[in-house]
Amino acid sequence: MEKERYIASESEEKQEPSKEEQVTTMIQQLGQTNIPQLTQDTNIHCLTIVGQIEGHIQLPPQNKATKYEHVIPQIVAIEQNPNIEGLLVILNTVGGDVEAGLAIAEMLASLSKPTVSIVLGGGHSIGVPIAVSCDYSFITETATMTIHPIRLTGLVIGVPQTFEYLDKMQERVVRFVTKHSKITEEKFKELMFSKGNLTRDIGTNVVGPDAVQYGLIDEVGGVAQAMQKLRELIDLNETKGEKIVQ
Amino acid sequence: MILYTIMPEHLIFQTDMDEYTKQKIVYYDGIPFIVQETETKEYEIVRNLSTNPFHFLEQKYAPGVRFPLSVVTS
């Protein structure tokens, strides 16, 4: 008898939580009660590069990280999906692994669909090549980008080899940035090696309008400008496509 | 103790392996999510990895929402 009752109460528990309960959990977990319900399909997808860019070493789960094994398949899927016409890349990153960052940047640069990037809080270090890899780049007024030489984290051993290896790695970053943006190699290297801007460190912290002035980023703007530019590029891409068909 | 070093923190203070297995990537309704298993044998969404911005407007894909282990597809 008691067992029966136990089973009965258990099955009761399995019932869907009431609407009121759902609302309470929503408030507890999200601090809000309702999010508009939309299931539309969209022709513009958005890729967010946040936190650290994770490389070959997995960062502990408490770190906010962008993993290239997540991002690269997403870029492949975007390239393949015919319903997706454009990609908006949102950056707020402190940088991270050089190889992983360059891999993401190269993937974005070789995407056949129009891409627009927008640097929000920060696009530091290896975030710079990712920002410039898109067809058009935006930076918000208050956002900053730190340009600095490649740093050693103690994973590469052997003094002369390490120096050469790092130098080559840096050369790849410089070449990528100068190829995909309007900044000259001289200016980029000047910013990279300048002293006195970052306390006791080499490099420069470039704020929004300065990044545009140096030619690193195309324009200062927010999400509205970025979306407008992306739609423009999509229209341009479509008319080009039609011409080829005819 | 104060430790001055240029080494990243995670190289010096290695995280316990259990920490890594807590979170994993699963597909739910065809959308990739980073999830964490709860004591109630459910998955709790930690992060939505979708690139479709409309997936972020759906209440059931928001961080903190739980779904049963059985609905996961690989």
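Look up: the structure comes first, before these words.
This write-up is about the structure you can find in this document. These numbers were taken from a predicted model, which means no experiment stands behind them.

## Describing the nonpolar core
For step 1, the next point in the chain: Ranked by internal contacts, the top residues of the largest apolar core, which has 45 residues, are Leu 88, Val 89 and Val 119 of chain A.
For step 2, the next point in the chain: Among the elements that take part in this core, helix α4 (residues 98-109) of chain A stands out by supplying 6 residues, more than any other.
For step 3, the next point in the chain: Those residues within four positions of Val 89 of chain A in sequence are excluded, and the remaining contacts are Leu 47, Ile 49, Leu 108, Thr 115, Ser 117 and Cys 134 of chain A.
For step 4, the next point in the chain: Judged by nonpolar contacts, the second largest core, of 7 residues, contains Val 35, Tyr 43, Ile 45 and Val 65 of chain B.

## A look at the packing of helix α3 (residues 68-80) of chain A against α4 of chain A
Residue and element names in this part refer to chain A.
For step 1, the next point in the chain: Across the interface, α3 lies against α4 with an axial gap of 10 Å and an inter-helix angle of 10°. Classified by the angle between their axes, α3 and α4 sit roughly parallel to one another. Of the residues in α4, those touching α3 at Tyr 68, Val 71, Ile 72 and Ile 75 are Ala 100, Ala 103, Ile 104, Met 107 and Leu 108.

## A few points about α3 of chain A
Residues and elements named next belong to chain A.
For step 1, the next point in the chain: The end-to-end C-alpha separation of α3 is 18 Å, in line with the 18 Å expected for 13 residues at 1.5 Å each.
For step 2, the next point in the chain: Among all positions of α3, only Tyr 68, Val 71, Ile 75 and Ile 78 are buried. Down the axis of α3, the buried set is contained in an arc of 90°. They therefore lie on one face. In this structure, α3 carries Glu 69, Pro 73, Val 76 and Gln 80 as exposed residues pointing more than 90 degrees from its buried face.
For step 3, the next point in the chain: Looking at the buried side of α3, the elements it contacts are β1 (44-54), β2 (65-67), β3 (86-96) and α4.

## A closer look at unusual backbone geometry
For step 1, the next point in the chain: The residue Ser 125 of chain A is not glycine, and still its phi comes out positive at about 55°.
For step 2, the next point in the chain: Along the chain, Ser 125 of chain A falls in the loop between β4 (115-123) and α5 (127-132).
For step 3, the next point in the chain: Taking the number of C-beta atoms within 10 Å as the measure of exposure, Ser 125 of chain A has 24 and is therefore buried.
For step 4, the next point in the chain: Positive phi, close to 55°, is recorded for Lys 41 of chain B, a residue that is not glycine.
For step 5, the next point in the chain: Note on placement: Lys 41 of chain B falls in the loop between β2 (31-37) and β3 (42-48).

Definitions and cut-offs
- Counting of residues starts from 1 at the beginning of each chain's written sequence and follows it residue by residue.
- Chains carry letters and ligands carry numbers; both start at the beginning, A for chains and 1 for ligands, and go up in the order they are written.
- Predicted model: local features are reported for residues with pLDDT of at least 70 only, side-chain atom pairs are reported and counted for 80 or more only, and whole-chain, interface and lining totals are derived from all residues.
- A set of buried Ala, Val, Leu, Ile, Met, Phe, Trp, Tyr and Cys residues, joined through C-beta atoms within 7 Å, is what we mean by a nonpolar core.
- Partly exposed residues are those whose C-beta has more than 12 but fewer than 20 other C-beta atoms within 10 Å; 20 or more makes a residue buried and 12 or fewer makes it exposed, with C-beta atoms placed from the backbone.
- In this text, helices come from DSSP runs of H or I with a minimum length of four residues, and strands from runs of E with a minimum of two, each type numbered from the N-terminal end.
- A pair of residues counts as a contact when their C-beta atoms, built from backbone coordinates, are separated by no more than 7 Å.
- Lines are fitted to the C-alpha atoms to define the axes, a helix being fitted only along its stretch in contact, and any angle between axes, read from their N-to-C directions, falls within 0 to 180 degrees.
- These descriptions rest on fixed angle ranges, namely under 35 degrees for roughly parallel, over 145 for roughly antiparallel, 65 to 115 for roughly perpendicular, and the rest for oblique.
- The span one expects for a helix is its residue count, reduced by one, times 1.5 Å.
- The arc in question is formed by the directions pointing from the helix axis toward the C-beta atoms.

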